[in-house]
Amino acid sequence: MGSIQALRGTRDILPEEVGYWQQVERIARQILDRAAYQEIRPPIFERTELFERGIGEATDIVGKEMYTFNDRAKPPRSVTLRPEGTAGVVRAYIQNSLYAAGGVQRLWYIGPMFRYENPQAGRQRQFHQLGVEVIGSADARADAEVIAIATNILQNLGLLNLNLDLNSVGNPEDRHHYRQALVDYLTPYKDELDQDSQERLNRNPMRILDSKDKRTIEIAQNAPSILDYLGENSQRHFQQVQQLLSDLGISYQLNPRLVRGLDYYTHTAFEIISDDLGAQATVCGGGRYDGLVEELGGNKTPAVGWAIGLERLVLLLKQIWKQPTPVLDFYLVSRGELAEAQSIKLAYDLRQSGFSVELDLSGSAFGKQFKRADRSGAVACLVLGDAEAQSQTVNLKWLKSGEQEVITQADLLAKADELRAQLDSCR
Ligand code: ATP
Ligand code: MG
């Protein structure tokens, strides 16, 4: 029978790569902890309607990328694997009355997302995002804080070759005026736009600015700028965000073509882009969404957030950083009935004392086990043969120097501190 392959657009994160993922999590958690963000773990599937309302039917995600199916409920019920994190977090915020605590909720999440896309480097069907949502503040400091946290995480991971693109999409009223100006500008070019953009011209024209088609991008170059359509309040908010970023020493460039076409997106929009990723260059995307909580049935509540694509981040990390091999103190070799019986207990006791121990389970000849010990990266090899087992001793061999000593198993455990110092000096 043929073996079963993983689905296209999904991949295994193997041990040889998982250290990068752990490093990202470690650094992110540290920075988020310091800024008083709390982790939230919403479910991975939700009612389809949540995403239809929360992301919008006119988007690519809802229009053609969702993993949607009926589960076994009767009557049939449509559920969807989450394509992004914000909708679920906002649903959880409303459903669990997180607003009742008063003040601002600072939340973060990490986990898999699902979109039926064309797989390529940095674009998969199951991918992972780390995201933050700050719910309950309209203050420009919230925008600046989330941006600072994103840049901080990326910098702490050693990624310096990144650019921050910044824009404001104003409020729905500003956008109403802008939208008309944009349609007026684009309509004469209608036949030259790519197919998707032609369809968006009436439904969701701002999304055309996001097109990846070459000719459409050319046409969009000279389109009117949203920044010329911001009302007084929107301008003030945007000025404040820019001032705060400058005060924080975070450089950015304005990109008036950076837009989100949906009504609940307001004010700040931003992306963090890498020069080292080729076509899939956006590592982080985010912005303010003052209308979303209300759209999903909560009270009118301002909010701002972002999501980092972890596959792209790991691709970048691999260019600059080598995953360290795991530390292993002991490789435990044994042969013979009594020795093998003792080996499991010795490994267990050593681990209880805080040492890391790999137990060879092969039962093969000593020579083969020693070869594996050499390859294991362990600092020392413990050898249990018949003689050692009879006398309740063990042969301790330092793998770098080749020095050996015979020591009782009881002493080995009793002198844990001494042993630890010796192990450290051999690393
Ligand atoms: P893109 O323009 O690359 O499709 P997007 O606008 O759809 O991105 P968002 O929904 O804003 O992306 O998601 C935030 C981040 O998640 C992206 O900047 C990217 O790093 C990552 N991301 C999005 N879709 C994928 C995917 N299919 N595979 C891997 N990473 C992804
Ligand atoms: Mg996309």
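Refer to the structure presented above.
Residues numbered from 1 in each chain as written. Chains lettered and ligands numbered in written order. Predicted model: local features only at pLDDT ≥ 70, side-chain atom pairs only at ≥ 80, totals over all residues. Heavy atoms only, no water.

A.B. asks: Just checking my understanding: could you explain the overall build of the protein chain for this structure?
C.D. replies: A count of helices and strands for the protein chain gives 16 helices and 16 strands. Relative to the globule expectation of 22 Å for 427 residues, the C-alpha radius of gyration of the protein chain, 28 Å, shows a markedly less compact shape. Within the protein chain, buried positions represent 49% of all 427 residues. Restricting to contacts in the protein chain with at least 6 residues of sequence separation, those with at least 24 account for 70%. Here the protein chain displays about 22,000 Å² of accessible surface, and carbon together with sulfur accounts for 48% of that area. For the protein chain, the centre of its 48 positive side-chain charges and the centre of its 57 negative side-chain charges are spaced 3 Å apart. (Helix = DSSP H or I, 4+ residues; strand = E, 2+ residues; numbered from the N terminus. Rg over C-alpha atoms; globule rule 2.2 N^0.38 Å. Buried < 20%, exposed > 50% of the residue type's maximum accessible area, 1.4 Å probe, protein only. Contact = heavy atoms within 4.5 Å. Areas by Shrake-Rupley, 256 points an atom, 1.4 Å probe, with all protein chains shown as cover. Lys, Arg positive; Asp, Glu negative; His and termini not counted. Charge placed at Lys NZ, Arg CZ, Asp CG, Glu CD.)

A.B. asks: How should I be thinking about the environment of Pro-172 in this particular structure?
C.D. replies: Considering the arrangement of structural elements, one finds Pro-172 in helix H6 (residues 172-186). With a relative accessible area of 41%, Pro-172 lands in the partly exposed category. As for Pro-172 and Cys-381, which are separated by 209 residues in sequence, their C-alpha atoms are 68 Å apart.

A.B. asks: Even after reading the chapter, I still don't get the packing of helix H1 (residues 15-34) against helix H11 (residues 310-320), so can you show me in this structure?
C.D. replies: Packed helix pairs are characterised by how far apart their axes lie and by the angle those axes make with each other. Look at H1 against H11: their axes get within 10 Å of each other, and the N-to-C directions meet at 110°. With respect to H11, the element H1 is oriented roughly perpendicular. You can see that H1 and H11 cross each other, and the crossing is right-handed. Packed against H1, whose contacting residues are Glu-17, Tyr-20, Trp-21 and Val-24, the element H11 presents Leu-310, Glu-311, Leu-313, Val-314, Leu-317 and Lys-318 at the interface. For the contact of H1 with H11, the residue count by class is 7 nonpolar, no polar and 3 charged. (Axes fitted to C-alpha atoms, helices over the stretch in contact; angles between N-to-C directions. Parallel < 35°, antiparallel > 145°, perpendicular 65-115°, else oblique. Left-handed = near helix turned anticlockwise from the far one by under 90°. Nonpolar A, V, L, I, M, F, W, Y, C, P; charged D, E, K, R; others polar.)

A.B. asks: Whenever I open this one, the sheet that holds strand E15 (residues 393-398) confuses me. Can you help?
C.D. replies: For sheets, the rule is that strands pair by backbone hydrogen bonds, running either parallel or antiparallel. Here we have 5 strands laid out as an open sheet, ordered E13-E12-E14-E15-E16, and mixed in their pairing. Two strands bound the open sheet, and with one partner strand each, they are strand E13 (357-359) and strand E16 (404-408). The average undirected angle you get between the axes of adjacent strands in this sheet is 25°. Here E15 pairs with E16 via 5 bridges, running antiparallel. (Pairing = 2+ DSSP bridges.)

A.B. asks: Just checking my understanding: could you explain the site of ligand 1 for this structure?
C.D. replies: Near ligand 1, the surroundings consist of 14 residues, among which Glu-117, Arg-123, Gln-124, Lys-212 and Thr-282 are the closest. The separation between an oxygen atom of ligand 1 and a polar side-chain atom of Gln-129 is 3.0 Å. Take Arg-312: an N or O atom from its side chain is 3.2 Å from an oxygen atom of ligand 1. Against a free-state accessible area of 590 Å², the protein chains account for coverage of 85% of ligand 1. (Near = heavy atom within 4 Å. Polar contact = N/O pair within 3.5 Å; in protein donor to acceptor, adjacent residues only side chain to side chain.)

A.B. asks: Please clarify how the side chain of Thr-86 should be interpreted in this entry.
C.D. replies: Mapping Thr-86 onto the fold places it in helix H4 (residues 86-95). Polar contacts involving the side chain of Thr-86 include one to the side chain of Glu-133, which spans 2.8 Å. The residues touching Thr-86, leaving out its near neighbours within four places in the chain, are Tyr-109, Glu-133, Tyr-289 and Leu-292.

A.B. asks: Is there a simple way to think about unusual backbone geometry in this case?
C.D. replies: Leaving glycine out, the prevailing phi sign among residues is negative, and the prevailing peptide bond configuration is trans. Along the chain, Lys-74 connects to Pro-75 via a cis peptide bond; the corresponding omega equals -5°. Within the secondary structure, Pro-75 is located in the loop between strand E3 (67-70) and strand E4 (78-81).

A.B. asks: Explain the nonpolar core here, please?
C.D. replies: Proteins that are soluble and globular tend to have nonpolar side chains buried together. Among the nonpolar cores identified, the biggest contains 61 residues, and Leu-130, Trp-306, Ile-308 and Leu-313 are the most heavily contacted of them. If one sorts the elements of this core by residue count, helix H5 (residues 140-156) sits on top with 10 residues. In this structure Leu-130 touches Ala-28, Leu-32, Trp-108, Tyr-109, Ile-110, Ile-153, Trp-306, Ala-307, Ile-308 and Leu-310, once residues within four positions along its chain are discounted. Listed in part, the 26 residues of the second largest apolar core include Phe-51, Ala-92, Ile-94 and Ala-303. (Core = buried A, V, L, I, M, F, W, Y, C linked by side-chain atoms within 4.5 Å.)

A.B. asks: Help me understand the pattern of salt bridges in this model?
C.D. replies: Taken as a whole, this structure holds 26 salt bridges when the rule is applied. Across the salt bridge formed by Asp-60 and Arg-207, the nearest N and O atoms sit 3.9 Å from each other. Placement of Asp-60 in helix H3 (residues 60-65) and of Arg-207 in the loop between helix H7 (195-203) and helix H8 (214-221) is noted, with a sequence separation of 147 residues between them. Classification of Asp-60 as partly exposed rests on a relative accessible area of 23%. Here Arg-427 ties to Asp-329 by a salt bridge, and the two come within 3.2 Å at their closest N and O atoms. With Arg-427 in the segment after helix H16 (416-426) and Asp-329 in strand E12 (residues 328-334), this residue pair connects regions lying 98 residues apart in the sequence. Residues participating in the shared-partner salt-bridge network are Asp-60, Lys-64, Asp-196, Arg-200, Arg-207 and Asp-210. (Salt bridge = Lys/Arg side-chain N within 4 Å of Asp/Glu carboxyl O.)

A.B. asks: Help me understand the packing of aromatic side chains, please; the structure alone is not making it clear to me.
C.D. replies: The way to describe two aromatic rings as a pair is by their centre distance and the angle between their planes. In total, this model carries 7 aromatic pairs according to the counting rule given. When the ring centre of Phe-355 is taken as reference, the NZ or CZ atom of Arg-420 above it lies at 4.6 Å. (Phe/Tyr/Trp six-rings, centres within 6.5 Å; stacked < 30°, edge-to-face > 60°. Lys NZ or Arg CZ within 6 Å of the ring centre and 35° of its normal.)

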